[in-house]
Amino acid sequence: MILGIQIVGFVFSLFMSYLTFLYYRRGDYRFRDFGVWMVIWTIFTYVVLAPNSFGELLKPLKVSRLMDLFTIISFIAVLGIVFYLYLITRRNEDKINRIVREIALNRE
Amino acid sequence: MCSNRMKPLKTCAVIPAFNEEKNIANVVNETKKHVDTVIVVDDGSTDKTPKEATKADIFLKHIVNMGKGFALQTGVERALMEDVNVIVCLDGDNQHNPGDIPKLVGALIEQDMDIVFGSRSLNGDMPWVLRFGNWWLCKSAQMLFGSSISDSQTGFKAFRKETYDKIRWKSKSYSMDSEIIMRVGKNNLRHVQVPIKTHYHCGHKGTTIIDGLRIFRDMLFWRMWG
């Protein structure tokens, strides 16, 4: 039986797949990025629709419920993504600093 | 003018400006009377600031707004390319009186200091929010860095060319003033405060309460990892 939260997850996944396609069509990223994100949404959809297929992981990971397992994995994933984005932002910030100063000093 | 080290004294004023079309021309004209070179750094203004600042000897433009600390640093880096001995920093909003520049430079040279801070705390023109914020940040600087500066957020200062390496700040925002104080204490630089006159034209510009909280956060960070 599909639960309410699974419907929400499925709709979210469809919506994100649509956005991924839309921004790819607008040329915001390359085909490789589009492919990576589509794989991510496909895995997400599978997890949402067939959560019980991960039941065998509960015992070896010492987690009592599937919901707890997904929450923990999501939290780890989000932390990883935040760190990665922080790194990219800092690198871009340094690049902007250099560009703005170079232009200011060379365009007197 | 000659320094006590018998080198001809060349002074350069660095003025960061962001949307200061009403004030920058006056600040530049008044400042030119007291220094050899005036550098204006337009920090991505969207008004007529670049047009109004044409009388500056050197005009630099950031294509986007980067913050006061970053703009001032661009100006100082450019000043160092000139043969200057003393760099004076003042705000572009006409808050400072350029007529006070000789007082700052005089104290720097005659008292053989590394840096001189213009202190606003001795006159009562400061809005109460700024006054409270300044008091709070000064107390914090005293507790965290042992500073004796009574106006931690003053943008009016003069320092020697050689001092810049020791006070080179990383903050791009208003935190740079507090960072300089932190570096002055850390490097045991000779410093003195000189009372200056200020005039506040625009209540919604300059340091806000959020800026104050950010400066405090940065000060805690510098105390722990600076």
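Parameters at a glance
- Residues numbered from 1 in each chain as written.
- Chains lettered and ligands numbered in written order.
- Predicted model: local features only at pLDDT ≥ 70, side-chain atom pairs only at ≥ 80, totals over all residues.
- Heavy atoms only, no water.
- Phe/Tyr/Trp six-rings, centres within 6.5 Å; stacked < 30°, edge-to-face > 60°.
- Helix = DSSP H or I, 4+ residues; strand = E, 2+ residues; numbered from the N terminus.
- Buried < 20%, exposed > 50% of the residue type's maximum accessible area, 1.4 Å probe, protein only.
- Contact = heavy atoms within 4.5 Å.
- Buried area = accessible area lost by both parts, 1.4 Å probe.
- Salt bridge = Lys/Arg side-chain N within 4 Å of Asp/Glu carboxyl O.
- Pairing = 2+ DSSP bridges.
- Core = buried A, V, L, I, M, F, W, Y, C linked by side-chain atoms within 4.5 Å.
- Axes fitted to C-alpha atoms, helices over the stretch in contact; angles between N-to-C directions.

J.: Which parts of the structure should I look at to understand the packing of aromatic side chains?
T.: The geometry of an aromatic ring pair is captured by two quantities: the separation of the ring centres and the angle between the planes. Residues and elements named next belong to chain A. For the structure shown, the criterion picks out 14 aromatic pairs over all chains. Centre to centre, the rings of Phe 54 and Phe 70 are 5.7 Å apart; their planes meet at 80 degrees, and the pair counts as edge-to-face. Highlighted residues: Phe 54 in the loop between helix H2 (31–49) and helix H3 (66–106) and Phe 70 in helix H3, separated in sequence by 16 residues. Exposure remark for Phe 54: the relative accessible area of 22% places this residue in the partly exposed category.

J.: Please explain the interface of chain A and chain B as it appears in this structure.
T.: You'll often see interface size given as the accessible area lost when the parts meet. On the side of chain B, 14 residues touch chain A, which itself brings 10 residues to the contact. When chain A packs against chain B, the two sides together hide about 1100 Å² of surface, and 64% of this comes from carbon and sulfur. Sorting the residues of chain A by area buried against chain B places A:Val100, A:Arg101 and A:Glu108 first, and these three jointly supply 50% of that buried surface. At the boundary of chain A and chain B, one finds one salt bridge.

J.: For this particular structure, what's the right way to read the pairing of strand S3 (residues 58–62) of chain B?
T.: If a strand is regular, its side chains alternate between the two faces of the sheet. All names here are of chain B. Residues Ile 58, Leu 60 and His 62 line the buried face of S3, whereas the alternating positions Phe 59 and Lys 61 sit on a face that is not buried. With five bridges joining them, strand S2 (residues 37–43) and S3 adopt parallel strand pairing. Opposite Ile 39, over in S3, you have Ile 58 as the bridge partner.

J.: How do you make sense of the nonpolar core when you look at a structure like this?
T.: Grouped burial of nonpolar side chains is what soluble globular proteins tend to show. If you look at the biggest cluster of nonpolar residues, it comprises 28 residues, and the most contacted ones within it are B:Val40, B:Val86, B:Val88, B:Leu90 and B:Val116. Elements that contribute at least two residues to this core include exactly strand S1 (11–17), helix H1 (24–32), S2, strand S4 (86–89), helix H4 (101–110) and strand S7 (191–195) of chain B. Among all residues touching B:Val88, those that are not within four sequence positions of it are B:Cys12, B:Ala13, B:Val14, B:Ile101, B:Val105, B:Phe156, B:Lys157 and B:Ala158. Ranked by size, the runner-up nonpolar core spans 27 residues in total, among them A:Ala104, B:Ile39, B:Ile149 and B:Met176.

J.: Sorry, what's going on with the sheet that holds S7(B) here?
T.: Residue and element names in this part refer to chain B. Pairing is mixed in the open sheet, where seven strands are placed in the order S3-S2-S1-S4-S6-S5-S7. On the outer flanks of this sheet lie S3 and S7, each paired with one strand and no other. Adjacent strand axes in the sheet meet at a mean angle of 20 degrees when their direction is disregarded. Where H4 meets the sheet, it contacts S1, S4, strand S5 (115–119), strand S6 (157–160) and S7, and its direction lies at approximately 35 degrees from that of S6.

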